[in-house]
Amino acid sequence: MLLLAAASLVAFVLLLYMVSPLISPKPLALPGAHVVVTGGSSGIGKCIAIECYKQGAFITLVARNEDKLLQAKKEIEKHSINDKQVVLCISVDVSQDYSQVENVIKQAQEKLGPVDMLVNCAGMSLAGKFEDLEVSTFERLMSVNYLGSVYPSRAVIATMKERRVGRVVFVSSQAGQLGLFGYTAYSSSKFAIRGLAEALQMEVKPYNVYVTVAYPPDTDTPGFAKENQTKPLETRLISETTSVCKPEQVAKQIVKDAIVVTMGLFRTIALFYLGSFDSIVRRCMMQKAKSETIDKTA
């Protein structure tokens, strides 16, 4: 009996997995699209910008260091496929002041048009045992990794909903799926991104705006090299059991997932519940629209 139940569950999950591509949105066309990449001056962010540029997108790079931004701009421009493409650089700390971030997004949209895809890649990592980490470290990582994703997303989402098109990408980490020794500050900030993304997806899906979350493993970036300097012995030993990926490979997969909104197996299991939740949201939207129509005609 138990075996039959297990087999039925597996069959149900596989059926959902096969059906999920049929209910996925149309792929986002990158040629001519405006892609904003935060944390785009180095590492995975820069590689994501390059990958999108190779496919004909217009790029806005957002990061703090202006010199690094200009250097990244030169590297990205080498991959243009036509002479109309533009790489715009804007220096700002996306984690400090929402009004500044909002103004930056407005500047970018005035120059390159509405944002079609936002990639939240700004982030940092500091490792250490819980009792050895300063309280300010927890505050800083939550500010950069979490609020640094909230602010840009908040600045683009209204326009995406109005246009009924858009992608918002959150770059989390494998440490955002599994808490590890030495990552009490880092993991918690990355776990927060998952909650934000899943709740936001339910709000914006009826407007044809889709949210994806990337959980990259250890990746050979300047940030990873800096992180290694703070890792406790136990954390270093754990890291040595896994391979380090190239940022180009990680970036290519993130862009692919964002364009077609692929759905992982465990996410697919939740389709049954998500479908019922989506219907509730849509009914509320219809009731709201009906009420607004009545108010206008009254």
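Everything numeric here is computed off the predicted structure, so don't read it as measured data.

### Notes on helix α4 (residues 98-112)
Over its 15 residues, α4 runs 21 Å from end to end, which matches the ideal 21 Å to within 8%, given 1.5 Å per residue. Looking only at α4, the buried set comprises V101, V104, I105, A108, Q109 and L112. Burial along α4 is one-sided: seen end-on, the buried residues are contained in an arc of 135°. Exposed side of α4, more than 90 degrees from the buried face: E110 and K111 are the residues found there. Taken together, the buried residues of α4 touch β1 (34-38), β2 (58-63), β3 (87-91) and α5 (135-163). Just beyond α4, the residue with positive phi is G113, at close to 95°.

### Concerning the sheet that holds β2
One open sheet holds the six strands; their spatial order is β3-β2-β1-β4-β5-β6, and the pairing between them is parallel. A strand with exactly one partner marks an edge of an open sheet, and here the two such strands are β3 and β6 (209-214). Mean inter-strand twist for the sheet, computed between neighbouring axes without regard to direction, equals 15°. Across five bridges, β2 lies against β3 in parallel orientation. Bridge assignment links I59 to a residue of β3, and that residue is V87. Sheet strands in contact with helix α9 (residues 247-260) are β4 (117-120), β5 (166-171) and β6, and its direction is about 145° off that of β5.

Thresholds applied
Residues numbered from 1 in each chain as written. Predicted model: local features only at pLDDT ≥ 70, side-chain atom pairs only at ≥ 80, totals over all residues. Heavy atoms only, no water. Helix = DSSP H or I, 4+ residues; strand = E, 2+ residues; numbered from the N terminus. Expected span 1.5 Å × (residues − 1). Buried < 20%, exposed > 50% of the residue type's maximum accessible area, 1.4 Å probe, protein only. Arc of directions from axis to C-beta. Contact = heavy atoms within 4.5 Å. Pairing = 2+ DSSP bridges. Axes fitted to C-alpha atoms, helices over the stretch in contact; angles between N-to-C directions.

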